[in-house]
Every structure is written in C-alpha cells, then in structure tokens.
Amino acid sequence: MAGGASASGAAGNAVRIVVAGDAKTGKSSLIVTAAAENFPTNVPPVLPPTRLPEDLYPDRVPVTIIDTSSSPENRGKLVEELTRADAVVLTYACDRPETLDRLSTYWLPELRRLEVKVPVIVVGCMLDKRGDQQPVSLEQVMSPIMQQFREIETCIECSALNHIQIPEVFYYAQKAVLHPTAPLFDQEQQVLKPRCVRALKRIFILCDHDRDGALSDAELNDFQVKCFNAPLQPSEIVGVKRVVQEKLPEGVDDRGLTLTGFLFLHALFIEKGRLETTWTVLRKFGYNNEIRLRDDQLPPPIKRYPDQSVELTTEAVDFLRKIFFTYDVDGDGALRSAELEDLFSTAPENLWNEAPYVEAAQKTALGGLSLDGFLSLWALMTLLDPIRSVETLIYIGYGGDPSSAIRVTRRRRIDRKKQQTDRTVYQCFVFGPKESGKSALLNSFIGRTFPEEYVSTTRDRYAVNVVDQPAGVKKTLVLREIPEESVKELLSKKDALAACDVAVFVHDSSREPSWEKATEMLVDVASQGEATGYEVPCLIVAAKDDLDPFLTEIQDSTRVSQDMGIEAPIPLSTKLGDFSNIFQRIVRAAEHPHLSIPETSAGKSRKQYHRLINRSLVFVSVGAAVAVVGLAAYRVYAARKNSSS
C-alpha cells in the first residue's frame, strides 16, 4: 500500500494557519521568509494575510498564514483570528527561555479557555541566536509540555536568518490539518484508536469481495487502484506481505492479507509519519476528520412536518433480518452482547449501549435480543434520529441508496381526516403523576419483572416492542414515559403533541390525589391539542387494580371519560400481571386516529359557536339567493310588461 495524499474532505478548499506568541519571538520574519524565501530586513509590526504558493507542498492545498499582535490593544483581533484557525503556530525565541515558559503558563491555557480545538505546532524561532550555551535537546524540553497539552502536534526549531527548517514549519501545520494524528493514533499507548480500527475494519470487509476473511493479491490491487489511482506491481504485493509476515505472522495466511495484517500496516504507516496514507484510504471511503461518514455519503436533511414521522422501508427491514441471522452465530434466535458488539464493530460506536436505547427493548432469559426486539430498536432509532439510523445501517453493510432505507409517513392531521393510517410504528406518550404506575407499565411491556421498590423516573424513558394484531399483522409500539415534572415544559412547545399517536394517562386507582393530577394532565393535553390542531386519541388507565379503589374512583373516572367523549378507564394490575390487553388497545386507538379524541368544555363551546356561525352564514346565503331569484323574476316581469305596452 502506497501513494500520495488526498486532501478532499479534509478542511474545505484551503488551510488557515494563525501564528501567535509573545512579542519579538520572530513571528513576522518566519512568515515572510516562508513566503518570499528571503530573510527580511524591515518587517512591519503585523503582516497582512500571506498566501503560500500552492505548489510549495505535495497536497497542493492553498495555505493562508495570519500574523497576529500580542499587544493588549489588539487582543480582540487576536481572539477573532484564533477562533477561525485551522491550525495554530505558537512561537517562542530560542535565546529567551521565558518565552518558552509562557507557552505553558499563558498561550496554551488561553487556547483552551477560548475553546480553540485545532492542532498546535510549537516553533522555536531565532535558533541562530541561541548558540551552544543550551545543550538540552528539544525533546527533553518539550516532552513535559506535550504530555500536559495533547493538542500539540509537533515541535520544531528554526532560523529565518539562516533558512533552517522554515518551509517545514508550515508543512507540519498544513499536514496536521489535512492528516491529523489525534483521531487515528493513541501516542501514549502506541496503538490505533478504537474508532480508526472500526473504520478500517469496515473498509477491509468492503474490499474482501469473496468474504473469505483475507485480501487476495487481486483484492489488494483493486484496493490500491481505488485509493491511490495506481496498481501495485506483483513484486510490491510480495514486499508488503513480507513486511507484515516478518513482524506479525498471523497478518498473512494462504488466502492473503488478514484483517490483523491490514490494521498492522496502517499502524506502521502512522508510526513512520505517513499519516497521509491512512487518511487517503479513509477519505476515499467517505470518512471525515471525526472518522464518521461525511454528509455527502448520507441522505440530505429530511423535510417534513412536525406530525410526520420516519420509518424504515421494507428493503431496509429485509436487510436487517439477514444481518440478524448472519450474526446469530450460535443459532439460538437471539443476539447476545458479544454478537451485537461484533455486528456494530464497523460503526464508530454501538449506540445501543447508551440511553435511550440501552434498556428500551425486551431481552431473552439469557440477556439476548430476539428478532422482534432487534427490529424494534431499529424502529425506535429511526423514529428518534433517522439520519443516524441510516448512517449506522451503512456502517453495518447496507449497500442500497441511503434514501431507499427510510420513508416519511403521511401527516397525522391527514390520517385523522381520512380516519385511517398506514404507519407501522406508533408512538404513545405515557402521562401520569409520580408513583402512578407509569414505569411499571413500560417495564411490563418489555417483559421486566415488577419491582418491589419504587424508583422515580427523572427523564424521558422509552420502551419499544412488537404488538401482534389480528391476521398475523405486526405493529411496533413505542412507549415514551413523560415524568410529571417534565409535562409543563413539554406542553409549552407548540409542536409538543405532533409526534404523538396516542396519549395514555395513568393514575393510581387507590389514591384520589393521583386521579386528580392525571385528570388535570388529560385536560391540559386535550386543550393543547385543540389549540394547535394536534389532537390525539387518549386512553385513561386505572393502575394498581389489585388495591382497593378510593371511594368515588369509579364514578369520578367514568364521569370524566363520558364528559370528554373517550373510552371508559382501563383497569390493570402490573403486580398481578393483569393488563386488560392494554397494548393492543393502544395500537387500536392509533389505527383509528379520529376516535377517542377528548373534548374540553372550552373546545365544545368553540365547536358550538362555529356551528352557530356556519348556520347563520347558511341562512344569510339562502336569504341572499332568494332575494337574487326574486329580483331576476321581477326583471323578467317588468321586461314583459314593457314589451306588451
């Protein structure tokens, strides 16, 4: 593997390098000498932006160097330039140790304070003035500083007067932008970073066309042509494999270069300072500097109304089914933790190890994910973060057009008018006061045992599962638990209910205050729906049915449901495992989006008022029509009378 670098996708079309440091440390002389290749006799206090010739460095990427002043009156300008930098060159004077000390006591901490997160090149200027009075090596001096400030990419000493290492300064700065070390390599551990390994593993699999776990000579050659636009000679392939085999015998087998050998080669390139080789490979396969797929590899931002959601297409679901069975190595019908890690080992990370996915799906007795659980989590991820969902699909091998993996559903508002929906994934908001049984409802949905101790939910939590419907139809239901303290904030947003297919209001049927609070939430949600046009079907759940109800519970809850025009409360006890088909009933309510929509008294009054106005308009229009007909008849009569006379 060999070849030149590719700057595409690295840092736009140009590199902007800002030079900063204490006064009189050689900043301007360094810049002029690099640009003009002559030491200047007269240098202005601050130079205008300086453009280096494009053919100065192999990448042929334009480099603009920005000079700065360290004087207090120019601080605003300095800060502005630093925050716009792609890389920063910090200078000190080789003959003035105090300027070197100032890098760690002022300049480097200041860059951190300003949140300037770009590579830093430390440059000792005026090497010619130091003489031999300081025999300590640069490595000894800089090692403690580089340990403390990992953002330092390189340290170098130079002399503008004697033309020593001047072009190298900006070459290293440009290289640090186009081919940064930090995302690829852990210099302390001397190993490739996990995200780099995961990306290279994906590239290896994509190039292993016959899926035999090794790159044959032909596959290596195809890889070389794709990345570097030049084939490898047979002798070069032999040479590459020999290098690997000598250092790492398992890196090559009788089929070719193994994944271990492929990773070893890249670590070797990086250790030898040839980062451009690995970056060229990564960029040819669509990666950016964060080692994630670039935006141009993903679908464009999805244009949709707030009441439209995103679902996986049949094509994407079929791909996921195949992937599930491919990684179910032991054939037990479930993906255990190690199998899931293997599945996601070509993605930058396994998102399912984090909230909201980590505890959202049903697990088997041995802690694995069934096919339904696996597809449910994908449905949840696509609902909450569709672009990230597609990105992850691509990482794990989806080869179709990224846009063909997802579809945008019809607006919920139109579903209500048409009295039907074609969605396959429904989202249900679960409201209710503390200790009403919301979490127990979510836990029972994903097969969790009833907990003896109460644990308060402090942030939105999700549970997702497949709900079997008549005639073998499967729908995916997402339950989103809204903590009591979050309800007010949620309903302060105009589009709060746009993504909701059904709202469930849970109360503890043994406690009257719990019922009152749940009713208050129901009225607030219904009012919000009426005010914004995002009305949602609502169900009342009377939880803890194993306890004695409060005195007027049945008549109070029945009265409220009748007054608001929704279904009577559904009693259930998660402790006894009596769920009254609640999850099927939620799905049924979502499938009939025009039913079970509550009406508040204000909403009823508004409707009555609109009906009266409409009747009046009809009366007025009928009266006007009668008048027009009468006038026309009179004109006909008058015309006849005139003609007869």
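Residues numbered from 1 in each chain as written. Predicted model: local features only at pLDDT ≥ 70, side-chain atom pairs only at ≥ 80, totals over all residues. Heavy atoms only, no water.

- An unreviewed UniProt entry lists the protein chain under the name Mitochondrial Rho GTPase, with Sesamum alatum as the source organism.
- Its UniProt record, at the heading Sequence similarities (unreviewed entry), says of the protein chain: "Belongs to the mitochondrial Rho GTPase family."
- Looking at the protein chain in UniProt, the text filed under Subcellular location (unreviewed entry) is "Mitochondrion outer membrane". (UniProt positions renumbered as here; feature names shortened; annotations may be inferred.)

1. Examining the sheet that holds strand S17 (residues 461-468)
Item 1. Strand order in this open sheet of six strands is S17-S18-S16-S19-S20-S21, and the pairing throughout is mixed. Edge positions in the sheet fall to S17 and strand S21 (570-571), since each has one partner strand and no second.
Item 2. Relative to strand S19 (residues 502-508), strand S16 (residues 425-431) is paired through four bridges, and the arrangement is parallel. Directly across from Phe 431, in S19, lies its bridge partner Phe 505.
Item 3. Running at roughly 100° to strand S18 (residues 474-481), helix H21 (residues 582-591) makes contact with S16, S17, S18, S19, strand S20 (538-543) and S21 of the sheet. (Pairing = 2+ DSSP bridges. Helix = DSSP H or I, 4+ residues; strand = E, 2+ residues; numbered from the N terminus. Contact = heavy atoms within 4.5 Å. Axes fitted to C-alpha atoms, helices over the stretch in contact; angles between N-to-C directions.)

2. Things to note about the packing of aromatic side chains
Item 1. Counted according to the given criterion, the structure contains 18 aromatic pairs.
Item 2. Arranged with centres 5.8 Å apart and planes meeting at 50°, the rings of Tyr 171 and Tyr 172 form a pair that is tilted.
Item 3. Exposure remark for Tyr 171: the relative accessible area of 24% places this residue in the partly exposed category.
Item 4. Relative to Tyr 398, the ring of Phe 319 lies with its centre 5.4 Å away and its plane at 75°, an arrangement referred to as edge-to-face. Of this pair, Phe 319 sits in helix H12 (residues 314-327) while Tyr 398 sits in the loop between helix H15 (386-395) and strand S15 (406-408), and the two are 79 residues apart along the sequence.
Item 5. Exposure remark for Tyr 398: the relative accessible area of 7% places this residue in the buried category.
Item 6. What links up through ring pairs into an aromatic cluster is the set Phe 324, Phe 325, Phe 344, Trp 352, Phe 374 and Trp 378.
Item 7. Taking NZ or CZ as reference, Arg 411 lies 3.9 Å from the ring centre of Tyr 305, over its face.
Item 8. The ring of Phe 429 carries Arg 480 above its face, with NZ or CZ at 4.8 Å from the centroid. (Phe/Tyr/Trp six-rings, centres within 6.5 Å; stacked < 30°, edge-to-face > 60°. Buried < 20%, exposed > 50% of the residue type's maximum accessible area, 1.4 Å probe, protein only. Lys NZ or Arg CZ within 6 Å of the ring centre and 35° of its normal.)

3. Topic: H21
Item 1. For H21, every residue scored as buried is listed here: Ile 582, Phe 583, Ile 586, Val 587, Ala 589 and Ala 590. Along the long axis of H21, the arc covered by the buried residues comes to 160°, so they all point the same way. (Arc of directions from axis to C-beta.)

4. Some words on the pattern of salt bridges
Item 1. Tallied over the full model, the rule gives 36 salt bridges.
Item 2. A salt bridge links Asp 372 to Lys 474; the shortest N-O distance between them is 3.5 Å. Placement of the pair is Asp 372 in helix H14 (residues 371-384) and Lys 474 in strand S18, with a sequence separation of 102 residues.
Item 3. Judged by its relative accessible area of 46%, Lys 474 falls in the partly exposed class. (Salt bridge = Lys/Arg side-chain N within 4 Å of Asp/Glu carboxyl O.)

5. What to know about H15
Item 1. Most of H15 sits inside the fold, with eight of its 10 residues counted as buried.
Item 2. Along its buried surface, H15 packs onto helix H7 (194-207), strand S12 (310-312), H12, H14 and S15.
Item 3. At the C-terminal side of H15, Gly 397 shows a positive phi close to 115°.

6. Concerning the side chain of Glu 349
Item 1. The residue Glu 349 is located in the loop between helix H13 (337-343) and strand S14 (369-370) in this model.
Item 2. Among the polar contacts listed, one links the side chain of Glu 349 to the side chain of Arg 195, at a separation of 2.9 Å.
Item 3. Within the local environment of Glu 349, its side chain forms a polar contact with the side chain of Arg 292, the two groups lying 3.1 Å apart.
Item 4. Aside from chain neighbours lying at most four places away, what touches Glu 349 is Arg 195, Arg 198, Arg 292, Glu 354 and Arg 388. (Polar contact = N/O pair within 3.5 Å; in protein donor to acceptor, adjacent residues only side chain to side chain.)

7. Some points on the state of the cysteines
Item 1. Across all of its chains, the model carries zero disulfides by this definition.
Item 2. Looking at the unpaired Cys 500, the closest cysteine sulfur is the one in Cys 428, lying at 6.5 Å.
Item 3. A relative accessible area of 2% places Cys 500 in the buried class. (Disulfide = S-S within 2.5 Å.)

8. A short note on the nonpolar core
Item 1. Grouped together as the largest cluster of nonpolar side chains are 75 residues, with contacts concentrated most on Ile 203, Trp 352, Phe 374 and Trp 378.
Item 2. In terms of residues, this core owes the most to one element, H14, which gives nine residues.
Item 3. Leave out the neighbours within four places in its chain, and Ile 203 touches Phe 223, Phe 262, Val 281, Leu 282, Phe 285 and Tyr 287.
Item 4. Ranked by size, the runner-up nonpolar core spans 29 residues in total, among them Val 19, Val 123, Cys 158 and Ile 166. (Core = buried A, V, L, I, M, F, W, Y, C linked by side-chain atoms within 4.5 Å.)

9. Notes on the sheet that holds strand S5 (residues 120-125)
Item 1. Ordered by their spatial adjacency, six strands build an open sheet running S2-S3-S1-S4-S5-S6, and the pairing between neighbours is mixed. Two strands close off the open sheet at either side, each with one partner strand: strand S2 (50-52) and strand S6 (152-157). In this sheet, adjacent strand axes meet at a mean angle of 25° when their direction is disregarded.
Item 2. Bridging between S2 and strand S3 (residues 63-67) involves three bridges; their strand directions are antiparallel. Residue pairing across strands places Leu 52 opposite Val 63, the latter belonging to S3.
Item 3. Strands in contact with helix H2 (residues 75-83) are strand S1 (15-21), S3 and strand S4 (87-93); relative to S1, the strand with the most contacts, it is inclined by about 140°.
Item 4. Sitting on the sheet, helix H5 (residues 138-148) is in contact with S4, S5 and S6, with an inclination near 155° to S6.

10. Topic: the packing of H7 against helix H10 (residues 259-271)
Item 1. Two elements in contact, H7 and H10, have axes whose closest approach is 10 Å; the angle formed by their N-to-C orientations is 125°. By the angle between their axes, H7 is oblique relative to H10. By crossing handedness, the relation of H7 to H10 is classed as right-handed. Residues Val 197, Leu 200, Lys 201, Ile 203 and Phe 204 of H7 form the contact with H10, whose own contacting residues are Leu 259, Phe 262, Leu 263 and His 266.
Item 2. Here the contact of H7 with H10 is built from residues that sort into seven nonpolar, one polar and one charged. (Parallel < 35°, antiparallel > 145°, perpendicular 65-115°, else oblique. Left-handed = near helix turned anticlockwise from the far one by under 90°. Nonpolar A, V, L, I, M, F, W, Y, C, P; charged D, E, K, R; others polar.)

11. A short note on the confidence of the model for the protein chain
Item 1. Counting all residues, the mean pLDDT for the protein chain is 89, and 89% of those residues have values of 70 or more.
Item 2. Across the protein chain, the secondary-structure element scoring lowest on mean pLDDT is helix H22 (residues 601-644), at 62, and the one scoring highest is S16, at 98. (pLDDT = per-residue confidence, 0-100.)

12. Points about the environment of Ile 31
Item 1. Here Ile 31 shows up in helix H1 (residues 27-36).
Item 2. In this structure the C-alpha to C-alpha distance between Ile 31 and Ile 66, which are 35 residues apart in sequence, comes to 8.7 Å.

13. Brief notes about unusual backbone geometry
Item 1. For the bond from Ala 355 to Pro 356, the omega torsion is 5°, close enough to zero to count as cis.
Item 2. Topologically, Pro 356 is positioned in the loop between H13 and S14.
Item 3. Here Gln 165, not a glycine, exhibits a phi torsion of approximately 55°, which is positive.
Item 4. Tracing the sequence through the fold places Gln 165 in the loop between S6 and helix H6 (166-178).

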